[in-house]
Amino acid sequence: MPSKVVVGVQWGDEGKGKVIDILASRADVVVRSQGGNNAGHTVKSGGEVYKLHLIPSGILYKGVKCYIGCGVVIDPQDILREIDGLSERGIDCSNLRIDPRAHIIMPWHRRLDGLSERALGESQIGTTGRGIGPCYMDKYERSGIRLYDLVHDEIFTRKAAAVGALKNRIITQIYGGEPLDVPAIIEEYREYAKRLAPYVDDVSVLTYNAIREGKDILFEGAQATLLDIDFGTYPFVTSSHPVSGGAAIGAGVGPGELGEIIGVAKAYTTRVGAGPFPTELNDETGDLIRNRGQEFGTTTGRPRRTGWFDAVLIRHAVRVNGLDCLAVNKFDTLSGLETLKVCVAYKKPDGTLLTEYPCDINELKDASPVYEEIGGFSGDISTCKAFDELPQACRDYIEFLEKFCGCPIKMVGVGPSREQVLER
Ligand code: IMP
């Protein structure tokens, strides 16, 4: 298996965990390169369900090395909780390594995430409240605390005291919030530092060496294309680069090392949080998709908004990620619907057609989706073991999607487990 990158191509929750899990079982090294514990990958393996937030899915396979690159933001308390939870279930985390350049989420980041959302009122982004945005803000302001700092006590104490004092001024004077007890935080984080120290290593060097040794590398994406800080529905996005290019920077390897780029989508569209969603279904069909597809957030439990498959959005993802192929999940959820719709363009109130995803989300506000329709399929497809076993109408829908996306669909998901992914 050459190197592979797996990215989400909608608004997240496309079932990347399952696809990543299949590929991780064939890989030597799995690398995470962006985002933080805002991600939630549900993996079903050996009859068990694992909910991973920060640790790469390869951890479930003995001998697979798991690296967290410099582009990821680390919540020390959360990653230690995840390590402990996995260890209690007999999963060995000694193959985990975290880049010292990765930035640390501090309690003030979480506090400011909540306060800034509250200040936005109705314009809230609907963040996960994990402090992701404020942590990346400090990184790019060049005032952040890196894992390297955390595990060097003298540097950490000095930096945390200075940054913490400043953050308390922002929390109290700008937002009218309660200040944090910075000395107590420093004490608490010292303990985390001791426990995290054995995992710290240069992920860029480790990944480069693994590539040179001919190892199979899987770059595991988190979030998705439409949540990318540049290519997503700004400002309703996360603060990192979930597109494939982000994997190179966030792991510390050249773009030429990324190999095959695989985009994961659902056979329909969902999104969590606010922001435009042209194919959203606020009706019985939307409810049916939500309930049948169990569309509730892994990290926050929030009900997801649901809608038809949007091929304009996927074509955007094909281009900005340089996708080689798609893995499309949850075809089983659509079984029994008489007609299936695919959005191929957006129509503005003045009649203009938008065939490319626009830069400004306001252009989408009053735009209506232009649909192509195809007859639905029925029956229980979740037991199909091969692509050829799928009903003809389902295969027609898959080819319909390929035509409008301009990208081959190589994996077809018909149920939640790994065995229910049909590879073409
Ligand atoms: P943040 O990443 O917590 O700042 O949240 C920004 C936006 O990204 C919100 O709309 C979140 O719901 C969304 N988001 C962040 N991570 C994920 C994810 O892993 N899946 C789906 N949505 C996400």
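Conventions used here
Numbers given for residues are sequential positions, taken from 1 along each chain in its written order. Residues qualify for local features only when their pLDDT is at least 70, as the model is predicted, and side-chain atom pairs are given and counted only at 80 or more; totals for whole chains, interfaces and linings, by contrast, use all residues. Values reported for side chains reflect all heavy atoms of the structure, with hydrogen atoms and water molecules removed beforehand. In this description, strands pair whenever DSSP reports at least two bridges between them. Strands are runs of DSSP state E lasting at least two residues, helices are runs of H or I lasting at least four, and both sets are numbered from the N terminus onward. Only the stretch in contact is used when a helix axis is fitted, and all axes are lines through C-alpha atoms; the angle between N-to-C directions ranges over 0 to 180 degrees. Any two residues having at least one pair of non-hydrogen atoms within 4.5 Å are treated as being in contact. Relative accessibility thresholds used throughout: buried, under 20% of the residue-type maximum; exposed, over 50%; partly exposed, between the two (1.4 Å probe, protein chains only). Pairing of N or O atoms within 3.5 Å defines a polar contact, subject to two protein rules: one partner must be a possible hydrogen donor and the other a possible acceptor, and residues neighboring in sequence count only if both atoms are side-chain atoms. Think of a 1 Å grid over just the protein atoms. A cavity is a set of points where a 1.4 Å probe fits yet cannot get out, a pocket is an open set with protein on both sides within 12 Å along at least five of seven lines, and lining residues have an atom within 4 Å of a point. Grid points are joined across faces, edges and corners, and a volume is the space filled by probe spheres set on the points. Think of it as three bins: nonpolar holds Ala, Val, Leu, Ile, Met, Phe, Trp, Tyr, Cys and Pro, charged holds Asp, Glu, Lys and Arg, and polar takes everything else, Gly as well. For every domain, the bounds stem from an assignment made automatically or drawn from a database. When a carboxyl oxygen of Asp or Glu lies within 4 Å of a side-chain nitrogen of Lys or Arg, that pair is called a salt bridge. Any residue with at least one heavy atom within 4 Å of a molecule or strand is counted as near it. The Shrake-Rupley method, run with a 1.4 Å probe sphere, supplies the accessible areas, and residue values consider only the shown protein chains as cover. Note on terminology: disulfide denotes any pair of cysteine sulfur atoms within 2.5 Å.

## Considerations on the sheet that holds strand E2 (residues 29–32)
For step 1, the next point in the chain: Spatially, nine strands are ordered E7-E5-E2-E9-E1-E10-E14-E18-E19 in an open sheet, and the strand pairing comes out mixed. The open sheet has two edge strands with one neighbour each: strand E7 (96–98) and strand E19 (421–423). For this sheet, the mean inter-axis angle between neighbouring strands, taken without regard to orientation, is 20°.
For step 2, the next point in the chain: Pairing geometry for strand E1 (residues 4–8) and strand E9 (residues 217–220), over three bridges, is parallel. If you follow Val-5 over to E9, its bridge partner there is Phe-219.
For step 3, the next point in the chain: The strands touched by helix H9 (residues 244–251) are E1, E2, E9 and strand E10 (260–266); relative to E1, the strand with the most contacts, the crossing angle is about 120°.

## Points about helix H11 (residues 311–321)
For step 1, the next point in the chain: Most of H11 is tucked away, with nine of its eleven residues classed as buried.
For step 2, the next point in the chain: Listing the buried residues of H11 in full gives Ala-311, Val-312, Leu-313, Ile-314, His-316, Ala-317, Val-318, Val-320 and Asn-321.
For step 3, the next point in the chain: Here H11 starts with a cap whose side-chain oxygen sits 3.0 Å from the backbone nitrogen of Val-312, and that cap is Asp-310.
For step 4, the next point in the chain: Positive phi appears at Gly-322, one or two residues downstream of H11, with a value of about 65°.

## Let's talk about the layout of surface pockets
The probe, sized like a water molecule, is rolled over the atoms to show the empty space still left.
For step 1, the next point in the chain: If you add up the space inside the second largest pocket, you get close to 190 Å³.
For step 2, the next point in the chain: Lining the second largest pocket are 14 residues, with Gly-71, Lys-139, Tyr-140, His-241 and Ile-249 sitting closest to its centre.
For step 3, the next point in the chain: When contributions to the lining of the second largest pocket are tallied by element, the ones reaching two or more residues are helix H4 (132–141) and H9.
For step 4, the next point in the chain: Of the residues contributing to the lining of the second largest pocket, the split by class is five nonpolar, eight polar and one charged.
For step 5, the next point in the chain: A domain split of the lining of the second largest pocket shows at least three residues from each of domain 1 (3–100 + 200–261) and domain 2 (103–196).

## A few points about the pattern of salt bridges
For step 1, the next point in the chain: Tallied over the entire structure, the rule returns 28 salt bridges.
For step 2, the next point in the chain: Across the pair Glu-423 and Arg-26 runs a salt bridge, and its minimum N-O distance is 2.8 Å. With a gap of 397 residues between them, Glu-423 in strand E19 and Arg-26 in the loop between helix H1 (16–24) and E2 connect regions that are remote in the sequence.
For step 3, the next point in the chain: Relative accessible area serves as the criterion here: at 43%, Glu-423 is assigned to the partly exposed category.
For step 4, the next point in the chain: Taking the relative accessible area as the measure of exposure, Arg-26 reaches 41% and is therefore partly exposed.
For step 5, the next point in the chain: Across the salt bridge formed by Glu-280 and Arg-305, the nearest N and O atoms sit 2.9 Å from each other. With Glu-280 in the loop between strand E11 (269–271) and helix H10 (284–292) and Arg-305 in strand E12 (residues 305–307), the pair connects residues that are 25 residues apart, well separated along the chain.

## Observations concerning the site of the ligand
For step 1, the next point in the chain: The ligand sits among 14 residues. The nearest are Asn-38, Gly-126, Thr-128, Gln-223 and Thr-238.
For step 2, the next point in the chain: In this structure, Asp-13 approaches the ligand through a side-chain N or O atom, which is 3.4 Å from a nitrogen atom.
For step 3, the next point in the chain: Residue Thr-128 places a side-chain N or O atom 2.6 Å away from an oxygen atom belonging to the ligand.
For step 4, the next point in the chain: Within the complex, the protein chains bury 95% of what would otherwise be the 470 Å² of accessible surface of the ligand.
For step 5, the next point in the chain: Partitioning the shell around the ligand into residue classes produces six nonpolar, six polar and two charged.

## Looking at the state of the cysteines
For step 1, the next point in the chain: The final tally for this structure, using the stated rule, is zero disulfides.
For step 2, the next point in the chain: Left without a disulfide partner, Cys-407 is nearest to the cysteine sulfur of Cys-325, which lies 6.4 Å away.
For step 3, the next point in the chain: The exposure class assigned to Cys-407 is buried, which follows from its relative accessible area of 4%.

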